[in-house]
Amino acid sequence: VLFDFIGHGQHDELLINKPQQIAGTTQQLVDQLELVIEKVHQSYGEGVKIFLVGHSMASDIVIRASKSKKISSVVAISPYSTAINETFPHDLLLISGQFEGHLRSIALNHINEIAKNAKENETVFYGDLRRKASFIKNTGHVSVIYAPQTSKEINKWLGLNIVDRNIA
C-alpha cells in the first residue's frame, strides 16, 4: 500500500509546522500511518503481514507507528529515531549509506543495546527480537534509496522474492 503523507505529493492537507516537537509534525504523520495500518487490516484481514519502510524523517515515523503489535517488521533507511530502545521495535533493519557516519554509528549503538559486540551487517537476536544495522557501499543520504543493494537487503530481511529492480 502506497500513499502520500499529509503535506506530501498529491495530499491536500497541510502539515502542522512543528517539526522539532514529537507532538507536532511527527505525531500528525504517525497518526496518519496508524490510520492506514487500520485500513489495511479492515481491507485484508487481521492476519495480513505489514512491513513498514521509511527513509530519513519517515524512518522515525514508521518506527513510532510500529508500536502496534500488528506490524511484522520495520525497515528504517538513513534512520534516526529516539523511539528505539532495547525491546522496541521487535524486528528492525536499519540501513544507512556508507557516507552517513553519524547515522551508522547511532544505528550500530541500537544493535549493541541487545548484542554488545555486534558489528555492522550482522543480524542479531535476543529472545524474539531481531535486529540489524547495515550500510550500503558508496552511498549517501539520498543515493542509498536508489542503490540496488538496498532493495536486495530489504527483500532478504523481509523474506520477499529478490527481483532485479530497485524497490523505489
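Structure first, text after, so check above.
The numbering scheme is per chain: residues are counted from 1 as the chain's sequence reads. Restriction of local features to residues with pLDDT of at least 70 applies here, the model being predicted, together with a cutoff of 80 or more for giving and counting side-chain atom pairs; totals for whole chains, interfaces and linings are based on all residues. To obtain the side-chain values, all non-hydrogen atoms of the structure were used and water was disregarded.

**A few points about the overall build of the protein**
On a plain count of helices and strands, the protein comes out with 5 helices and 5 strands. Note on conventions: DSSP H or I runs of at least 4 residues are helices, E runs of at least 2 residues are strands, and numbering of each starts at the N terminus. Seen in sequence order, the protein has helices and strands lined up from the N terminus as α-β-α-β-β-α-β-β-α-α. Two things to know: the radius of gyration comes from C-alpha atoms, and the globule rule equals 2.2 Å times the number of residues to the power 0.38. Rg of the C-alpha trace for the protein: 16 Å, near the compact-globule value of 15 Å for 168 residues, within the 12% margin. For the C-alpha atoms alone, the extent of the protein along its principal axes is close to 45 × 35 × 35 Å. Whether a residue is buried, partly exposed or exposed follows from its accessible area with a 1.4 Å probe, protein chains only, as a fraction of its type maximum: under 20%, in between, or over 50%, in that order. For the protein, the residues scored as buried account for 45% of the 168 residues in total. Any two residues whose heavy atoms approach within 4.5 Å are treated as being in contact. For the protein, restricting intrachain contacts to residue pairs at least 6 apart in sequence, the fraction spanning at least 24 positions comes to 43%.

**Focus on the packing of aromatic side chains**
Classification of ring pairs rests on two measures: the distance between centres of Phe, Tyr or Trp rings, Trp counted by its six-membered ring, which must be within 6.5 Å, and the angle between planes, read as stacked under 30 degrees, edge-to-face over 60 and tilted in between. Counted under the stated rule, the structure contains 1 aromatic pair. Note on Phe-3 and Phe-5: the rings are 5.0 Å apart at their centroids and 75° apart in plane angle, and the pair reads as edge-to-face. Given the relative accessible area of 30%, Phe-3 is considered partly exposed. Overall, Phe-5 belongs to the buried group, its relative accessible area being 16%. Sitting over a ring, as applied to charges here, requires NZ of Lys or CZ of Arg to be within 6 Å of the ring centre and within 35 degrees of the ring normal. Above the plane of the ring of Phe-135 lies Arg-104, whose end atom (NZ or CZ) is 3.8 Å from the centre.

**Considering the pattern of salt bridges**
What makes a salt bridge here is a side-chain nitrogen of Lys or Arg within 4 Å of a carboxyl oxygen of Asp or Glu, nothing more. If you walk through the whole model with that rule in mind, you get 7 salt bridges. In this structure, Lys-70 and Glu-46 form a salt bridge, with 3.7 Å as the shortest nitrogen-oxygen distance. Taken as a pair, Lys-70 in the loop between α2 (57–65) and β2 (73–77) and Glu-46 in the loop between α1 (22–44) and β1 (51–55) lie far apart in primary sequence, 24 residues in all. On the accessibility criterion, Lys-70 (27% relative accessible area) is partly exposed. In this structure Glu-46 comes out as exposed when scored by relative accessible area, which is 54%. Measuring nitrogen to oxygen at the nearest pair gives 3.0 Å for the salt bridge that ties Arg-64 to Asp-60. With Arg-64 and Asp-60 both in helix α2, this residue pair falls 4 residues apart, about one helical turn. The buried category is assigned to Arg-64, whose relative accessible area is 17%. The network of salt bridges with common partners includes Glu-38, Glu-46 and Lys-70.

In short, the description is geometric, and any link to function would need to be established separately.
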